[in-house]
Amino acid sequence: RFFVALSGGSTPRAMHRTLAQEPHLSEIPWHGVHLFWVDERCVPWEDPASNYGAAREDLVGRIPLPGKQVHPMPADVVPEDGALEYEGELARAFPLAEGHEPVFDLIFLGLGRDGHTASLFPGHAALEERERWVVAVKGGDPDMHRLTMTYPVLNRARVLVFMVSGKDKAEMVRTILETPGGPLPAQRIRPVDGRLIWLIDREAASFLSSHQSLA
Ligand code: 6PG
């Protein structure tokens, strides 16, 4: 089984659509994939702001994934109840060692211009959460109620991939990559023993100093 968590926003949408087309559509062993979400806006799936709604259009509705292997966050209940509900779903889906967090094989993350990632926004209490796996927050752009995974889960992943695109992210990409260890939400993504990969397009990488090795 392969446990992966997707982020929302616009950046991942082109990748989602690409994965649902040949040759990837036939190459990927979908029968073993379990899809989760890093965060979600608390709106109906039909709402344009819904992360699951976008992923259902771009990917989920186009791949042979059994419904029981698709785990959208509950966006139609009181946010705090939704957070608890999703923690329960994680606990049921993962083979969990006692007292340990779920260990995702792969988590995709985006980067906001303010340095947020997932729905972990600068200055929010959720950044300090060390026990809960999923919490309800309010914030972001659009400013709304959201559910988000927390660092205890995110930093346990075997592989974390930031995908960043566009000139408007270049300043924050430079800040994050050239001053690691800072307080910004994306700077606090530090895998416990996993790998952190940055996929950055040329525009978003354009402020990086030349010596910065870009794989
Ligand atoms: C969300 C996302 C969020 C996103 C960044 C980047 O639900 O808003 O998970 O963390 O990844 O805001 O968004 P864009 O890809 O649209 O720039």
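Thresholds applied
- Residues numbered from 1 in each chain as written.
- Predicted model: local features only at pLDDT ≥ 70, side-chain atom pairs only at ≥ 80, totals over all residues.
- Heavy atoms only, no water.
- Helix = DSSP H or I, 4+ residues; strand = E, 2+ residues; numbered from the N terminus.
- Rg over C-alpha atoms; globule rule 2.2 N^0.38 Å.
- Buried < 20%, exposed > 50% of the residue type's maximum accessible area, 1.4 Å probe, protein only.
- Areas by Shrake-Rupley, 256 points an atom, 1.4 Å probe, with all protein chains shown as cover.
- Lys, Arg positive; Asp, Glu negative; His and termini not counted.
- Charge placed at Lys NZ, Arg CZ, Asp CG, Glu CD.
- Near = heavy atom within 4 Å.
- Polar contact = N/O pair within 3.5 Å; in protein donor to acceptor, adjacent residues only side chain to side chain.
- Nonpolar A, V, L, I, M, F, W, Y, C, P; charged D, E, K, R; others polar.
- Arc of directions from axis to C-beta.
- Contact = heavy atoms within 4.5 Å.
- Pairing = 2+ DSSP bridges.
- Axes fitted to C-alpha atoms, helices over the stretch in contact; angles between N-to-C directions.
- Salt bridge = Lys/Arg side-chain N within 4 Å of Asp/Glu carboxyl O.

A.B. asks: Can you explain the overall build of the protein? Please cite residues and give values.
C.D. replies: Broken down by element type, the protein carries six helices and nine strands. Relative to its length of 215 residues, the protein is compact, with a C-alpha radius of gyration of 17 Å against a globular reference of 17 Å. Overall, the C-alpha framework of the protein stretches about 45 × 40 × 35 Å when taken along its three principal axes. Burial status across the protein gives 50% buried among its 215 residues. As presented, the protein carries roughly 10,400 Å² of accessible surface, and 54% of it is formed by carbon and sulfur atoms. One way to put it: in the protein the 22 positive side-chain charges average out to a point 4 Å from where the 29 negative ones average out.

A.B. asks: Describe the site of the ligand, and please don't skip the residues or the numbers.
C.D. replies: Neighbouring the ligand are 15 residues; Ser10, Thr11, His116, Ala118 and Lys169 lie closest to it. Side-chain polar atom of Asp39 to an oxygen atom of the ligand: 2.8 Å apart, as the coordinates give it. Within the contact set of the ligand, an oxygen atom lies 2.9 Å away from a side-chain nitrogen or oxygen of Asn51. Protein contacts shield 88% of the accessible area of the ligand, which totals 410 Å² for the unbound molecule. Class assignment for the residues of the shell around the ligand results in two nonpolar, nine polar and four charged.

A.B. asks: Give a detailed account of helix 6 (residues 170-178), specifying residues and quantitative values.
C.D. replies: Taken together, the buried positions of helix 6 are Ala170, Met172, Val173 and Ile176. On an axial view of helix 6, the arc spanned by its buried residues comes to 160 degrees, and they lie on one face. Against strand 8 (159-164) and strand 9 (195-200) lie the buried residues of helix 6.

A.B. asks: Before we move on, could you go through the sheet that holds strand 6 (residues 134-139) and cite the residues and values that matter?
C.D. replies: If you trace the three strands from one edge of the open sheet to the other, you get 3-7-6, paired in antiparallel fashion. Each of the sheet's edge strands pairs with one partner strand only, and the pair in question is strand 3 (39-41) and strand 6. Strand-to-strand twist across the sheet, computed as the mean angle between neighbouring axes with direction ignored, equals 25 degrees. As paired elements, strand 3 and strand 7 (residues 144-149) share three bridges and run antiparallel to each other. Counterpart to Arg41 in the pairing with strand 7 is Arg146. This element, helix 4 (residues 79-93), spans strand 6 and strand 7 of the sheet and lies at about 145 degrees to strand 6.

A.B. asks: Give me helix 1 (residues 11-19): which residues, what numbers.
C.D. replies: Of all the residues in helix 1, the buried ones are Pro12, Met15 and His16. Along the axis of helix 1, the buried positions cluster into a sector of 105 degrees, meaning they face one direction only. Close packing links the buried residues of helix 1 with strand 1 (2-6), helix 3 (51-58), strand 5 (106-109) and strand 8.

A.B. asks: Break down the pattern of salt bridges for me, citing the residues and quoting the values.
C.D. replies: Counting across every chain of the model gives 11 salt bridges. Here Arg13 and Asp58 are joined by a salt bridge, their closest N and O atoms 2.5 Å apart. A residue pair is termed long-range when its members are at least 10 positions apart, and Arg13 in helix 1 and Asp58 in helix 3 qualify at 45 residues. A relative accessible area of 22% means that Arg13 is categorised as partly exposed. A salt bridge links Asp143 to Lys138, with the shortest nitrogen-to-oxygen separation between them at 3.1 Å. The exposure class assigned to Asp143 is exposed, which follows from its relative accessible area of 51%. The class of Lys138 is partly exposed, set by a relative accessible area of 42%. Through salt bridges with shared partners, a single ionic network connects Arg13, Arg17, Glu57 and Asp58.

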